[in-house]
Amino acid sequence: MAIELKGLTKRSENYSQWYNELVVKADLAEQSAVRGCMVIKPYGYAIWEKMQQTLDRMFKETGVQNAYFPLLIPKSFLCREAEHVEGFAKECAVVTHYRLKNDPNGNGVVVDPEARLEEELIVRPTSETIIWGTYKNWIHSYRDLPVLCNQWANVMRWEMRTRMFLRTAEFLWQEGHCAHATAEESEARTVQMINLYAEFAERYMAMPVIKGVKSANERFAGALNTYTIEAMMQDGKALQSGTSHNLGQNFAKAFDVTFANKDNKPEYVWANSWGVSTRLMGALIMTHSDDNGLVLPPHLAPIQVVIVPIYKNAEQLAAVTEKVMPIVERLQQLGISVKYDDAENKRPGFKFADYELKGVPVRLALGARDIENGTVELMRRDTLKKEVLPLAGIADHINTLLENIQQNIFDKALKMRNEHTYICDSYDEFKERVADGGFFLCHWDGTTETEERIKEETKATIRCIPLDGDDTPGVCMVTGKPSKRRVIIARNY
């Protein structure tokens, strides 16, 4: 093993430490000089770019257009929607001054007290308020609707306990904000986008998710309803991986966004917002990776195939390169990203361990003996299985194999989730088992009091009311009161 893998904590020993080490050792990200913020390194950002590009295409196929709105939001805007400001008040970073000056005592620079802003500005925790303040100028008639906008941006939420990708003070995301003429259209878009997120998670991330509705306690501040996709990580904890919010007319009323309907009468518009963030990077790591490093689904891997030459001298390297280049060209023709690593400053064993750590789905190794035999050694990252295959037709074989790996990774994650999903009717049993992880399908009486009691006593929360769940009536496992259906309760990130 290369030096990078030495000391990588095993998941079974300390899952949290394993995750933190892997993010750094796999060159995904590192801590920054700013507390609670991270630097996303090129390899990590390349994965995020593939997510971004795929989602961007999927959004646009539904008619969404990209726009960009200011980073800074006037404090008065946040005050207009009471529930919204209450939900984010404790997380806001506030800009109070617009100028620095040299310290007259020679201690660097200080804030100029004469440069205080007339109104404080908030570094956006989310953009509903600034966007609805803008939409008021865009929307006048039913002919202006729907407005289907998305922005790729960064946001700031002043988190005290941070973990790279999962919870940082600044993170990257996309936030869609749509305006509609009717409640039905807005609800349809809200559901459409949670379905889109689920499709992306399962088809591209190979991560099985459960679609559901958040409880009143867990829904987005200012929303009538929040839809979510919930995924199970390998330690049995839930991770909220995407949300879509039906905002009703709350923000339209707060910012007086009206339109003239077909009868030329004024109406408030209907709104929704939806988003995913770099938290998906954490989900990708924790759903698939193992004690040897990352395991990346081929659909999102920056490098899908790496080819490592085995040689003793320049003559052998030239012979291997001659054989490899047609393979590289064929893979590229098939739309497969490939890297031929003929760098001379690292030994093949080091390269093998490094690419294994970084989760490259397929590795080929080719030396002088392989050329003589017309063969190549192939290793697939998901199973670590090696096999010697004919060199002829290897690119087309890999094209099929990558899809097989993608499906195998999904199936493995689905099997894990199914094996750790339990029906539970006893609160005593739930309290005893929930710390070990898993999704618990339980009856709940629908009250905030019971939900808060569960959270206080077990640190678990109602993750969602599944859209395709068991709606057979029963009795709440906590209070014994009537329950309309089972919900998913779990500890979460």
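Preceding this section is the structure that the text describes.
These lines cover the structure that appears in this document, whether it is placed above or below. Predicted model, so just to flag it, every value in this text is computed and none were measured.

Helix and strand counts for the chain stand at 14 helices and 27 strands. Once the C-alpha set of the chain is aligned to its principal axes, its extents read approximately 80 × 70 × 55 Å. Split into buried and exposed, the 493 residues of the chain put 51% on the buried side. In the chain, the proportion of contacts linking residues at least 24 apart, taken out of those at least 6 apart, comes to 69%. Averaging the locations of the 60 positively and 67 negatively charged side chains of the chain gives two centres separated by 2 Å.

Another point: the pairing of strand β21 (residues 385–390). Two strands pair when backbone bridges link them, and strand β20 (residues 375–380) and β21 are joined in this way by six bridges, in the antiparallel orientation. The residue of β21 that forms the bridge with Thr 375 is Pro 390. Turn length for the β20-β21 hairpin, with the two strands adjacent in sequence and antiparallel, is four residues, and the turn residue Leu 384 shows positive phi of about 65 degrees.

A separate point is the sheet that holds strand β3 (residues 65–66). Strand order in the open sheet formed by eleven strands is β3-β9-β10-β16-β13-β12-β11-β24-β27-β23-β22, and the pairing between neighbours is mixed. The outermost strands of the open sheet, each flanked by one partner alone, are β3 and β22 (421–423). Summarising the sheet, β22 and strand β23 (residues 439–443) pair through three bridges and their orientation is parallel. Among the inter-strand pairings, Thr 421 is bridged to a residue of β23, identified as Phe 439. Relative to the sheet, helix α12 (residues 394–419) contacts β11 (210–213), β12 (225–232), β22 and β23, its axis offset from that of β22 by approximately 25 degrees.

Note that the residue after Leu 145, namely Pro 146, is joined by a cis bond; omega there is 0 degrees. With respect to the helices and strands, the residue Pro 146 is situated in the loop between α5 (128–138) and β9 (147–156). In this structure, Asn 264 is a non-glycine residue whose phi angle is positive, near 65 degrees. Among the structural elements, Asn 264 can be located in the loop between β14 (258–260) and β15 (266–268). The residue Lys 459 is not glycine, and still its phi comes out positive at about 65 degrees. As for its position among the elements, Lys 459 is in the loop between α14 (448–458) and β24 (461–466).

All right, on to empty space enclosed by the protein then. A complete count under the given rule lists one cavity of 30 Å³ or more for this structure. Here the largest cavity defines a volume of roughly 40 Å³. Taken together, Phe 352, Tyr 355, Glu 356, Val 360, Pro 361, Val 362, Arg 363, Met 379, Arg 380 and Arg 381 form the lining of the largest cavity. Where the lining of the largest cavity is concerned, the elements lending two or more residues are α10 (348–357), β19 (362–367) and β20.

With that settled, consider α14. The set of residues buried in α14 consists of Thr 450, Glu 451, Ile 454 and Thr 458. An end-on view of α14 places all buried positions within 105 degrees of arc, on one side of the element. Facing away from the buried surface of α14 by more than 90 degrees, the exposed residues are Glu 449 and Glu 456. The inward-facing, buried residues of α14 abut α13 (427–433), β24 and β27 (486–490). Where α14 ends, the next residue or the one after it, Lys 459, has phi of about 65 degrees, a positive value.

It is the contact of helix α9 (residues 314–333) with α12, at a shortest axis distance of 9 Å, that shows an interaxial angle of 40 degrees. Regarding the angle of α9 to α12, the classification is oblique. Considering only the axes of α9 and α12, their crossing is right-handed. Residues Ile 327, Arg 330 and Leu 331 of α9 lie in contact with α12, whose contacting residues are Ile 394, Ala 395, Asp 396 and Ile 398. Tallied by class, residues from the contact of α9 with α12 come to five nonpolar, no polar and two charged.

Right, let's get into the packing of helix α1 (residues 15–25) against helix α8 (residues 279–288). Between α1 and α8, the least distance of the axes is 11 Å, while the angle of their chain directions is 120 degrees. The orientation of α1 relative to α8 falls into the category oblique. Every pair of crossing elements has a handedness; the one defined by α1 and α8 is right-handed. Together, Tyr 15, Trp 18, Tyr 19, Leu 22 and Val 23 of α1 and Gly 282, Ile 285 and Met 286 of α8 make up the contact between the two elements.

Quick look at the sheet that holds strand β17 (residues 305–310) now. Across the sheet, which stays open at both edges, the five strands sit in the order β18-β17-β19-β20-β21 with mixed pairing between neighbours. Edge positions in the sheet fall to β18 (338–340) and β21, since each has one partner strand and no second. Along the sheet, successive strands turn relative to each other by an average axial angle of 25 degrees, direction set aside. For β17 and β19, the ladder comprises six bridges, and the chain directions are parallel.

What counts and what doesn't
Residues numbered from 1 in each chain as written. Predicted model: local features only at pLDDT ≥ 70, side-chain atom pairs only at ≥ 80, totals over all residues. Heavy atoms only, no water. Helix = DSSP H or I, 4+ residues; strand = E, 2+ residues; numbered from the N terminus. Buried < 20%, exposed > 50% of the residue type's maximum accessible area, 1.4 Å probe, protein only. Contact = heavy atoms within 4.5 Å. Lys, Arg positive; Asp, Glu negative; His and termini not counted. Charge placed at Lys NZ, Arg CZ, Asp CG, Glu CD. Pairing = 2+ DSSP bridges. Axes fitted to C-alpha atoms, helices over the stretch in contact; angles between N-to-C directions. 1 Å grid on protein atoms, 1.4 Å probe; cavity = no way out; pocket = protein on both sides within 12 Å on 5 of 7 lines; lining within 4 Å. Points joined across faces, edges and corners; volume = space filled by probe spheres on them. Arc of directions from axis to C-beta. Parallel < 35°, antiparallel > 145°, perpendicular 65-115°, else oblique. Left-handed = near helix turned anticlockwise from the far one by under 90°. Nonpolar A, V, L, I, M, F, W, Y, C, P; charged D, E, K, R; others polar.

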